[in-house]
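Remarks on the overall topology
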Amino acid sequence: MPLRRSRARRSATLGIGLIGQRFMGRAHSNAWSQVTKFFDVPVTPTLEVIAARDEASIRGFARRWGWNRWTTRWQDLAQDPAVGLVDIGTPNDVHRDQAIAMLEAGKAVACEKPLAATLDDARAMRAAARRRPTFVWFNYRRCPAIGLAYRLMREGEIGRVYHVRAHYLQSWGGPETPLLWRFRKRTAGSGAHGDLNAHIVDLARFLVGQEIVEIQGAVARTFITERTLPGSRRRGRSNVDDAVLFLATFAGGALASFEASRLARGHLNDNAIEIDGERGSLRFGLEDMNLLWYFDARLPRRTAGWRRIVCTAPEVHPYAGNWWPEAHLLGYEHTFTNEAADILRALGGRRPELPLPDFEDAYQTQRVLEAAMVSARERTAISLREIR
Ligand SMILES: NC(=O)c1ccc[n+]([C@@H]2O[C@H](COP(=O)([O-])OP(=O)(O)OC[C@H]3O[C@@H](n4cnc5c(N)ncnc54)[C@H](O)[C@@H]3O)[C@@H](O)[C@H]2O)c1
């Protein structure tokens, strides 16, 4: 992976090539262009090339976001000597070809979640990643409140974990929503499951620090089977789940429940996780993402209760010191900039603020997602040993 060292500035630069120019294209462009303004990182990113399919809009996108060059052929990035890291923000079914081509060309790769549309693709990506740095945009790990939860767990404040209760509920997937790539199995792999359960399985594994060893049961449901094709009156088949619920057991015995839906009216982006352990409990919800709720079960019952922690104190809460004075809140986009900072730290030989997910790590999440789908299909418990 070519890092370019500048003698005059005694710092390294890293050319970024980004594939995808819509939702994640904007989130990632913002992160790469903001990161050095807020973080002292050992490697400075340069926004070299943006690649996407839509020639009509890509030129304007490149100009607006400060990319030096653009291309409609993502393959160009592999041969581009100015590019050291390729960032993938495309639909799930193309992650595999793009990531493997870039890894084989010697680039570092940062890929969006879920790692891939299928477990087979994820396995191939993990194999290709062995000798190159890889990263996955499980960005919610980098909410300061999740960072604090991670540290409290590692410091033993929760103790043995009994329960993990996680849901990720959205409501945009009603019958009025057209047949986007997200509703086709071929392009997305799955629906709410790979989109939303992927995030909360990653958060649960990250916070608990153990692997899930068994799925006790799962149910997947497609409520809306036909949708209008985008920009047309014709209709096509939606063949992914709209909601998936499953129960699981962690290696240490903790019981976990996961629920993802795109049809939970009133829940807009309700990514929530609660962990109950022998010494206390933690609770987080993305719609109030600056807060961590903490129940210390060791306090006297007279004054015990849920503590509402505003996770914005510089020097005390992860990443908070890089942003604004206390309680001048952070939002969704900051999680991506925080991750970009950690990627640049890792590539520059420094420790990231919090552990970064790589392809191996994301493959383990993909195995859990696959096991849940097999469990739903076969209506039985599935050991993770069966899912390789
Ligand atoms: N981490 C998060 O919070 C988060 C949020 C949303 C999406 N995602 C993930 O990001 C990825 C992209 O999602 P999105 O919402 O940005 O999708 P999107 O539909 O908004 O954008 C997809 C982009 O990929 C481009 N594209 C599609 N097929 C391509 C191909 N074959 N070659 C090159 N470019 C291609 C499109 O032109 C478009 O620019 C998905 O894997 C999704 O799961 C992550």
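1. Regarding helix H9 (residues 359–378)
With 20 residues, H9 extends 28 Å between its outermost C-alpha atoms, agreeing within 8% with the 28 Å of an ideal straight helix rising 1.5 Å per residue. Judged by how many residues are buried, H9 sits mostly within the fold: 15 of 20 residues are covered. For H9, the capping residue at the N-terminal end is Asp 358, with a side-chain oxygen 3.2 Å from the backbone nitrogen of Glu 360. Immediately downstream of H9, the backbone of Arg 379 shows phi near 50°, a positive value.

2. Focus on the site of the ligand
Surrounding the ligand, one finds 26 residues, the nearest of these being Gln 21, Met 24, Asn 92, Lys 113 and Asn 139. At 3.1 Å, a side-chain N or O of His 95 approaches an oxygen atom of the ligand. In isolation the ligand offers 850 Å² of accessible surface; the protein chains occlude 91% of this area. At the level of elements, helix H1 (23–38), helix H3 (92–104) and helix H8 (332–347) are the ones that each hand at least two residues to the shell around the ligand. Looking at which element gives the most residues to the shell around the ligand, the answer is H3, with four residues. Domain assignment of the residues forming the shell around the ligand places at least three in each of domain 1 (3–136) and domain 2 (141–329 + 355–378).

3. Overview of the sheet that holds strand S15 (residues 280–285)
On the basis of which strands lie adjacent, the open sheet formed by nine strands has the order S17-S16-S15-S14-S8-S13-S12-S9-S18 and mixed pairing. In the strand order of this sheet, the two ends are held by strand S17 (306–310) and strand S18 (382–383), each with one partner. In this structure, strand S16 (residues 291–296) lies alongside S17, joined through five bridges in antiparallel fashion. Looking at S17, one finds that Tyr 294 is bridged to Arg 307.

4. Structural notes on the packing of aromatic side chains
If you walk through the whole model with that rule in mind, you get 15 aromatic pairs. Here the aromatic rings of Tyr 140 and Tyr 168 are separated by 6.1 Å at their centres, their planes lie at 65°, and the arrangement is edge-to-face. Here Tyr 168 lies in strand S8 (residues 161–169) and Tyr 140 lies in the loop between strand S7 (134–136) and helix H5 (144–154), a separation of 28 residues in the sequence. Their ring planes at 20° and their centres at 4.8 Å tell us that Phe 246 and Phe 258 sit as a pair that is stacked. Residue Phe 246 is found in strand S12 (residues 243–250), and its partner Phe 258 is found in strand S13 (residues 255–261); the two are separated by twelve residues along the sequence. Per residue, the accessibility class of Phe 246 equals that of Phe 258, and both read buried. In this structure an aromatic cluster arises from ring pairing among Phe 23, Trp 32, Trp 137, Tyr 140, Tyr 168, Tyr 332 and Phe 336. Here the guanidinium or amino end of Arg 262 rests over the ring plane of Phe 183, the centre of that ring lying 5.3 Å away. Directly above the ring of Trp 293 sits Arg 283, whose terminal nitrogen or CZ lies 5.4 Å from the centroid.

5. Topic: the nonpolar core
Counting residues in hydrophobic clusters, the biggest one holds 115 residues, and the most contacted among them are Leu 85, Phe 246, Phe 258, Ile 273 and Phe 359. The element best represented in this core is helix H7 (residues 192–208), accounting for ten residues. Looking at which domains feed residues into this core, each of domain 1 (3–136) and domain 2 (141–329 + 355–378) supplies at least three. Beyond its immediate sequence surroundings of up to four residues, Leu 85 is in contact with Leu 14, Gly 15, Ile 16, Gly 17, Trp 32, Ala 108, Ala 110, Phe 135, Ile 343 and Leu 347.

6. Describing the pattern of salt bridges
Tallying each qualifying case throughout the model produces 23 salt bridges. A salt bridge links Arg 141 to Asp 202, with the shortest nitrogen-to-oxygen separation between them at 2.7 Å. Residue Arg 141 is located in the loop between S7 and H5, and its partner Asp 202 is located in helix H7; the two are separated by 61 residues in the primary sequence. As far as the burial class goes, Arg 141 and Asp 202 line up, both buried. Among the ionic pairs, Arg 298 bridges to Asp 296, the shortest N-O distance being 3.0 Å. The exposure class of Asp 296 is buried, given its relative accessible area of 9%. Overlapping salt bridges, with partners in common, bring together Arg 141, Asp 202, Arg 205, Glu 211 and Asp 361 in one network.

7. Overview of the domain arrangement of the chain
As far as domains go, the chain holds domain 1 (3–136) and domain 2 (141–329 + 355–378). On a C-alpha basis, the centroid separation for the pair domain 1 and domain 2 is 25 Å. Counting residues at the interface gives 25 residues for domain 1 and 25 residues for domain 2. Interface area, domain 1 with domain 2, both sides summed: about 2,200 Å², of which 66% is carbon and sulfur. Area buried by domain 1 at its contact with domain 2 is led by Phe 38, Leu 119 and Arg 126, which between them contribute 28% of it. Scanning the region where domain 1 abuts domain 2 turns up two salt bridges. In this structure, the salt-bridge partner of Asp 195 is Lys 113, at a minimum N-O distance of 3.0 Å. Taken together, the links from domain 1 to domain 2 amount to nine residue pairs in polar contact (both at pLDDT 80 or more). Residue contributions to the side of domain 1 that touches domain 2 peak at five residues, all from helix H4 (residues 119–128). A class-by-class count of the residues in the side of domain 1 that touches domain 2 yields 18 nonpolar, three polar and four charged.

Conventions used here
Residues numbered from 1 in each chain as written. Predicted model: local features only at pLDDT ≥ 70, side-chain atom pairs only at ≥ 80, totals over all residues. Heavy atoms only, no water. Helix = DSSP H or I, 4+ residues; strand = E, 2+ residues; numbered from the N terminus. Expected span 1.5 Å × (residues − 1). Buried < 20%, exposed > 50% of the residue type's maximum accessible area, 1.4 Å probe, protein only. Polar contact = N/O pair within 3.5 Å; in protein donor to acceptor, adjacent residues only side chain to side chain. Near = heavy atom within 4 Å. Areas by Shrake-Rupley, 256 points an atom, 1.4 Å probe, with all protein chains shown as cover. Domains from an automatic or database assignment. Pairing = 2+ DSSP bridges. Phe/Tyr/Trp six-rings, centres within 6.5 Å; stacked < 30°, edge-to-face > 60°. Lys NZ or Arg CZ within 6 Å of the ring centre and 35° of its normal. Core = buried A, V, L, I, M, F, W, Y, C linked by side-chain atoms within 4.5 Å. Contact = heavy atoms within 4.5 Å. Salt bridge = Lys/Arg side-chain N within 4 Å of Asp/Glu carboxyl O. Buried area = accessible area lost by both parts, 1.4 Å probe. Nonpolar A, V, L, I, M, F, W, Y, C, P; charged D, E, K, R; others polar.

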